[in-house]
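Listed below, chain by chain, are the residues.
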Amino acid sequence: MPGITREEVAHLARLARLELKDEELDHFAGQLDDIIGAVARVSEVADQDVPPTSHPLPLTNVMRADEIRPSLTPQEALSGAPAQEQQRFKVPQILGED
């Protein structure tokens, strides 16, 4: 597999709006070439009879049942608020929208 060139690194840097020095182009070209080689080796290891997975161990989501429990009334929740409006906390406008 041909290695990644300085010109390709420079092109990627321009796309990412990064300004790289000449020695950085050479350095990153070598690093990116190593990364691409490592990804290629991983691709070689994967076999047709091995199903793709997102996690090596089976996961189950632990959820509790919803149950109604006592909570604050709107008046109690808003009792310490510096400002309120229509049973809601009133905060200063920050986006300039109506």
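Please read all numbers here as calculations on a predicted model, not as lab measurements.

Of the positions making up helix 1 (residues 6–15), those classed as buried are Val-9, Ala-10 and Ala-13. Viewed along the axis of helix 1, the buried residues span an arc of 100°, placing them on a single side of the element. Away from its buried face, by an angle of more than 90 degrees, helix 1 presents the exposed residues Glu-7, Arg-14 and Leu-15. Residues of helix 1 that are buried sit in contact with helix 2 (22–45). The positive-phi residue at the C-terminal boundary of helix 1 is Arg-17, with phi of around 55°.

A separate point is the pattern of salt bridges. Applying the stated criterion to the full structure yields 3 salt bridges. Here Arg-6 ties to Asp-26 by a salt bridge, and the two come within 2.7 Å at their closest N and O atoms. Of this pair, Arg-6 sits in helix 1 while Asp-26 sits in helix 2, and the two are 20 residues apart along the sequence. A residue is classified by how much of its surface remains accessible, and Arg-6, at 32% relative accessible area, is partly exposed. With relative accessibility at 44%, the residue Asp-26 sits in the partly exposed group. As a salt-bridge pair, Lys-90 and Glu-85 come within 3.4 Å of each other at their nearest N and O atoms. The exposure class of Glu-85 is partly exposed, given its relative accessible area of 45%.

The subject of this paragraph is the environment of Leu-20. Positionally, Leu-20 belongs in the loop between helix 1 and helix 2. A relative accessible area of 25% places Leu-20 in the partly exposed class. Between the C-alpha atom of Leu-20 and that of Ala-10, which follows or precedes it by 10 residues, the distance is 7.5 Å. Excluding residues within four positions of it along the chain, Leu-20 makes contact with Val-9, Ala-13, Leu-25 and Phe-28.

Right, let's get into the environment of Leu-59. Turning to its location among the elements, Leu-59 is positioned in the loop between helix 2 and helix 3 (74–78). Measuring from C-alpha to C-alpha, the distance between Leu-59 and Asp-26 comes to 43 Å, with 33 residues separating the pair along the chain.

Okay, the confidence of the model for the protein next. For the protein, the average pLDDT comes to 87, and 95% of its residues sit at 70 or higher. Within the protein, the element-level pLDDT minimum falls on helix 2, averaging 88, and the maximum on helix 1, averaging 94.

Definitions and limits used
Residues numbered from 1 in each chain as written. Predicted model: local features only at pLDDT ≥ 70, side-chain atom pairs only at ≥ 80, totals over all residues. Heavy atoms only, no water. Buried < 20%, exposed > 50% of the residue type's maximum accessible area, 1.4 Å probe, protein only. Helix = DSSP H or I, 4+ residues; strand = E, 2+ residues; numbered from the N terminus. Arc of directions from axis to C-beta. Contact = heavy atoms within 4.5 Å. Salt bridge = Lys/Arg side-chain N within 4 Å of Asp/Glu carboxyl O. pLDDT = per-residue confidence, 0-100.

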